Amino acid sequence: MTQTSDAPAAVQPPPQAGRRRVHRAWFVAAVTFVTIIGAAAFRSVPGLLIDPLHDEFEWSRGTIAAAVSVNLALYGLTAPFAAALMDRFGIRRVVAVALTVIALGSGLTVWMTAAWQLMLCWGLLVGLGSGSMALAFAATVTNRWFTERRGLVSGILTAASASGQLIFLPLLSWIVERHEWRPAAVTVALAALAVVPFVWLLLHDHPADVGQKPYGAVDFVPKPAPVRGAARRTVSVLLSAARTGPFWLLAGTFAICGASTNGLIQTHFVPAAHDHGMPITAAASLLAVIGVFDVVGTVASGWFTDRFDARRLLAVYYALRGVSLLFLPLLLAPTVHPPMIFFIVFYGLDWVATVPPTLALCREQYGDDSAIVFGWVLASHQVGAALVAFLGGVARDVFGSYDVVWYASGALCAAAALMALVIRRRGVGVTTVD
């Protein structure tokens, strides 16, 4: 393939003598890691705000949860287009703008007086900003800057989200408990803004921008021209995949995955535990521990996926998750006791264990288009999360407790287990649904 001579970044620099230096790719990965940790701050807040906002403004929990659901839905629906935005405008610009939008949305909540303002700030602005920094961010950085160690780097960047949750959940819950919710919102805004200078100065879009090869590459890789029409391809792949049965089964199971994790536990576990007399800080710390074990669970699930039928793995994961949710109402108490710790550890191991087998099934069914198809399946994950985040708040208003939510989610997980087994194993080719 020929390259035009007017692209200065395409000229390979001469080899440098002297002692070996750390490759620039690792600095880019480090900035990405810190950025994702900062992003975990605004993912940690929604569940901590439900009770304080209800107490101060007397808004129903359903109203507050509606803003959270808009946030989650936009996170998912923006994600499939995030890679296209980065190909068109560059990683640095997209991430810097996204962080600024998040800081604006979180900071403006300090002055809100009406529920529609919460919907605008936390739902629309933070949702769009966080969606622009979804999985596509880590995947794009890994693919551009690394030829070797891609698995290691992607695993580390995935762990960054859990690490950020571990850091920010106890901190933000302590702030909410001691100083009310506004300082917590300001903390999120400052965390997002603090990362922007590092992104702008250190997060180069491509190795060619600094005259280097990707880490592990033998040949110099010229910087590609901005990609036009990527968003159109994203939509066309969706329209094609939507004509096949496996897509709807994968999207349905992953929607239930999002409903039973981000929409249910991440949003409603803290207020539910607080309903039973558990301090907010203790409940948030338990939620943070889930972030530790989900790293272990994801790595183990990837190992299992290489060796076992992905459909059966999904069925086992969803079935066990559903059973655990049926027991949760019996475990909630004012203090933390061993059965609750067991639930937290188990749920952490199962939290994102569904990702490797789901991604494997997307590759099996859709071949070269699997990454885009998975982006849309991820969107269904967030739509499911958004729906249950809203309905969970409504159920709490109507029934006075979350018990019916736990039981209903357990039943949904049982349905997801059956749906996973229905997916037929096949090669890349798929038949369309008439």
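Residues numbered from 1 in each chain as written. Predicted model: local features only at pLDDT ≥ 70, side-chain atom pairs only at ≥ 80, totals over all residues. Heavy atoms only, no water.

A. How the structure looks around the overall build of the protein. What the protein contains, in helices and strands, is 17 helices and zero strands. With 434 residues in all, the protein has 53% of them scored as buried. Looking at the protein alone, contacts between residues at least 24 apart form 83% of all its contacts between residues at least 6 apart. Working note: accessible area of the protein is about 19300 Å², and carbon and sulfur atoms make up 67% of it. (Helix = DSSP H or I, 4+ residues; strand = E, 2+ residues; numbered from the N terminus. Buried < 20%, exposed > 50% of the residue type's maximum accessible area, 1.4 Å probe, protein only. Contact = heavy atoms within 4.5 Å. Areas by Shrake-Rupley, 256 points an atom, 1.4 Å probe, with all protein chains shown as cover.)

B. Seen up close, unusual backbone geometry. Even without a glycine there, the phi angle at Glu58 is positive, about 60 degrees. In this structure, Glu58 sits in the loop between α2 (46-57) and α3 (61-89). A positive phi angle, near 70 degrees, is found at Glu180, a position not held by glycine. Counting through the fold element by element, Glu180 comes out in the loop between α7 (150-179) and α8 (181-202).

C. Broad picture of the state of the cysteines. Tallied over the full model, the rule gives zero disulfides. Cys257 provides the cysteine sulfur closest to Cys413, a residue in no disulfide bond, and the two sulfurs are 8.3 Å apart. On the basis of relative accessibility, which here comes to 0%, the residue Cys413 falls in the buried class. (Disulfide = S-S within 2.5 Å.)

D. Summary view of a nonpolar patch on the surface. A surface patch of nonpolar side chains, amounting to about 510 Å² of accessible area, comprises Val323, Leu326, Phe327, Leu330 and Tyr407. Along the chain, Leu330 turns up in helix α13 (residues 310-331). We classify Leu330 as exposed; its relative accessible area is 67%. (Patch = residues over 30% accessible without salt bridge, like charges linked within 9 Å, V, L, I, M, F, W, Y side chains within 5 Å. Salt bridge = Lys/Arg side-chain N within 4 Å of Asp/Glu carboxyl O.)

E. Up close: the packing of helix α11 (residues 262-275) against helix α12 (residues 280-305). The interhelical angle for the contact between α11 and α12, taken along N-to-C directions, is 150 degrees, at an axis separation of 8 Å. Considering the relative orientation of α11 and α12, their crossing is right-handed. Here α11 contributes Ile265, Gln266, Phe269, Val270, Ala273 and His274 to the contact with α12, which in turn contributes Ile280, Ala283, Ala284, Leu286, Leu287 and Ile290. Its residues placed into classes, the contact of α11 with α12 shows 10 nonpolar, two polar and no charged. (Axes fitted to C-alpha atoms, helices over the stretch in contact; angles between N-to-C directions. Left-handed = near helix turned anticlockwise from the far one by under 90°. Nonpolar A, V, L, I, M, F, W, Y, C, P; charged D, E, K, R; others polar.)

F. Expanded view of the confidence of the model for the protein. Counting all residues, the mean pLDDT for the protein is 80, and 87% of those residues have values of 70 or more. Here residues 1-11 scores under 50 on pLDDT; set against residues more than four positions off or in separate chains, the count is seven contacts. Overall, residues 14-18 carries pLDDT values under 50, and its contacts beyond four positions in sequence, including any with other chains, amount to one contact. (pLDDT = per-residue confidence, 0-100.)

G. Structural detail: the environment of Ala411. Of note, Ala411 is situated in helix α17 (residues 403-422). The spatial distance from the C-alpha of Ala411 to the C-alpha of Gly322 is 6.5 Å, given a sequence separation of 89 residues.

H. Expanded view of the packing of helix α4 (residues 91-108) against helix α5 (residues 115-131). At a minimum axis distance of 8 Å, the contact between α4 and α5 shows a crossing angle of 165 degrees. Considered as vectors, α4 and α5 are oriented roughly antiparallel to each other. Handedness of the α4/α5 crossing: left-handed. Here Ala98, Val101, Ile102, Leu104, Gly105, Ser106 and Leu108 of α4 lie close against α5, whose contacting residues are Cys121, Trp122, Leu125, Val126, Gly129 and Ser130. Residue composition of the contact of α4 with α5, by class: nine nonpolar, four polar and no charged. (Parallel < 35°, antiparallel > 145°, perpendicular 65-115°, else oblique.)

I. Spotlight on the nonpolar core. Counting residues in hydrophobic clusters, the biggest one holds 111 residues, and the most contacted among them are Leu53, Ile265, Phe269, Leu328, Met340 and Trp406. In this structure Leu328 touches Ile265, Phe269, Met340, Phe343 and Trp406, once residues within four positions along its chain are discounted. Leu72, Ala385, Ala386 and Ala389 belong to the second largest nonpolar core, which has six residues in total. (Core = buried A, V, L, I, M, F, W, Y, C linked by side-chain atoms within 4.5 Å.)

J. Representation of the side chain of Asp350 in the model. Along the chain, Asp350 falls in helix α14 (residues 338-350). We classify Asp350 as buried; its relative accessible area is 6%. Residues contacting Asp350, with those up to four places away along its chain left out, are Tyr317 and Arg321.

K. The packing of aromatic side chains, seen in detail. In the structure shown here, the tally under the stated rule is 10 aromatic pairs. Look at Phe57 and Trp59: their rings are 4.3 Å apart centre to centre, the planes differ by 10 degrees, and that puts the pair in the stacked class. Trp59 carries the same exposure label as Phe57, and that label is buried. One Lys or Arg, Arg92, reaches over the ring of Trp200 and ends 4.9 Å from the middle of that ring. It is Arg321 that lies over the ring of Tyr347; its NZ or CZ is 5.9 Å from the centre. (Phe/Tyr/Trp six-rings, centres within 6.5 Å; stacked < 30°, edge-to-face > 60°. Lys NZ or Arg CZ within 6 Å of the ring centre and 35° of its normal.)

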